[in-house]
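Structural overview for review
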Amino acid sequence: MKSSITIATAFVLILAGCQKPTEVQLIDEPMFDLEEAIDPDTSFERAAVDTTALLPSEQQRYTGFVTLTYARTDVVGFSRSRVVARVVVEDKGQVLEFNGRRMFKSRQLGLVRLNGFLLLPRERFFGGMMGGPEYLREITDYEPGRSYTFSADSLGSVVLRAPEVVEVKAPTSGSVVRRDHDLLMHWRGRGDLMIIISSATLRPTNLMTTPLLRLRLRQNNGHVMLPKRVINGLPPGLYLFTFVISNREERPLSTRFGGKMLVQASSLHNILVDVR
């Protein structure tokens, strides 16, 4: 699910107040903090936020990623859930370039395990070039609240606790969101919660998304009102609302690699809506 930047670029201009400043600018709400989620360098290939809960700025900032992600996506007439464990360490000194696009090459990590089971290395190809491996395993016995242990000689041991599964009750997939109305959103699932709003393009074989905004809930009460002055800043069209409950921390990588590693277990529920 790669992203396009057309709407994102327009939205940045709105938020920056390139014309007359309006209510659309970033605001401080009693129940949440609102911030831009714009890619700091759009020339780089990024993993999709709706399957990783990793914003472009985080993908740029961290060198290593150890993630366990439960992702459910609801599109009109279609729903899919998948749990994937992923480990990747990038070499920020090796950048691959092809047709104006760039990608960091990733490093070999040897044997990587999750609760004793091997994660299989998968080569990442970029413009016909080998981009290095990412280590993956699809999880079929996922349990919220369970501890999952990643281990690798090159990384040591990392323990993650799976958060509660987030289930969105409103808005529902396919619903129309009015730009001149407040939007009441509510869900099930306890834990630290954020909501990522992305522009979306629905294609026959995939969903293209571009993250625009992130709402960080100050307290997870199971509901929040998104004011119309925020929604009114979105041009009419399709948007993906990604609700995320996560347990995360930042750790230093070994001196062999340098940099920092993001460790994250997250539950996602993606809802596609039509903003008019």
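All of these numbers come straight from a predicted model, not from anything done at the bench. (Residues numbered from 1 in each chain as written. Predicted model: local features only at pLDDT ≥ 70, side-chain atom pairs only at ≥ 80, totals over all residues. Heavy atoms only, no water.)

Observations regarding the sheet that holds strand E13 (residues 183-188)
Convention followed: Strand pairing is assigned whenever DSSP detects at least two bridges linking the two strands. A run of H or I in DSSP becomes a helix once it reaches four residues, and a run of E becomes a strand once it reaches two; helices and strands are each numbered from the N terminus. Axis definition: a line fit to C-alpha positions, over the contact stretch in the case of helices; interaxial angles, taken between N-to-C directions, run 0 to 180 degrees.
Across the sheet, which stays open at both edges, the three strands sit in the order E11-E13-E16 with antiparallel pairing between neighbours. Two strands in the sheet have a free side with no partner beyond their single neighbour: strand E11 (167-170) and strand E16 (223-226). Adjacent strand axes in the sheet meet at a mean angle of 25 degrees, parallel and antiparallel pairs treated alike. Bridge count for E13 against E16 is four bridges, and the pairing is antiparallel. Residue Leu183 lies in a different strand from E16, and its bridge partner there is Leu226.

Section: the sheet that holds strand E10 (residues 156-161)
The sheet built from four strands is open, its strands ordered E6-E5-E9-E10 with antiparallel pairing. Of all the strands in the sheet, the pair left with one neighbour each is strand E6 (117-118) and E10. Where strand E5 (residues 112-114) lies against E6, two bridges are found, and the strand directions are antiparallel. By the bridge assignment, Arg113 is partnered in E6 with Leu118.

A word on the environment of Val158
Stated precisely, the cut-off is as follows: Only heavy atoms matter for contacts: two residues are in contact if any of them lie within 4.5 Å across the pair.
Topologically, Val158 is positioned in strand E10. Taking the C-alpha atoms as reference points, Val158 and Leu114, separated by 44 residues in sequence, lie 9.4 Å from one another. Each residue touching Val158, except ones within four places of it in the same chain, is listed here: Val66, Tyr148, Thr149, Phe150, Arg251, Met261 and Val263.

Focus: the nonpolar core
Going by this rule: As used here, the term nonpolar core means buried Ala, Val, Leu, Ile, Met, Phe, Trp, Tyr and Cys residues forming a set that is joined through side-chain atoms within 4.5 Å. Think of it in three bands: residues with accessible area under 20% of the maximum for their type are buried, residues over 50% are exposed, and the middle band is partly exposed, with areas taken using a 1.4 Å probe on protein chains only.
In this structure, Met185, Trp187, Ile195, Leu226 and Phe241 are the most contacted members of the largest nonpolar core, which totals 27 residues. For this core, the elements supplying multiple residues, two or more each, are strand E1 (32-36), E13, strand E14 (193-202), strand E15 (207-217), E16, helix H4 (228-231), strand E17 (237-252) and strand E18 (260-275). Every residue in contact with Trp187, bar those within four places of it in the chain, is listed here: Val166, Glu167, Val168, Lys169, Leu193, Ile195, Leu217, Asn220, Gly222, His223, Val224 and Phe243. With 26 residues, the next largest nonpolar core counts Ala85, Leu119, Val158 and Leu160 among its residues.

Some points on a nonpolar patch on the surface
Keep this limit in mind: For patch building, the residue pool is restricted to those with more than 30% relative accessible area and no salt bridge; the joining distance is 9 Å between like charges and 5 Å between nonpolar side chains (Val, Leu, Ile, Met, Phe, Trp, Tyr). For the area figures, the Shrake-Rupley method with a 1.4 Å probe applies, and any residue is considered shielded solely by the protein chains shown. Basic side-chain nitrogens of Lys or Arg form a salt bridge, by our definition, when they fall within 4 Å of a carboxyl oxygen of Asp or Glu.
Taken together, the side chains of Leu111, Leu118 and Leu120 make up a nonpolar region of the molecular surface, amounting to roughly 290 Å² of accessible area. Position of Leu111 relative to the elements: it lies in the loop between strand E4 (101-106) and E5.

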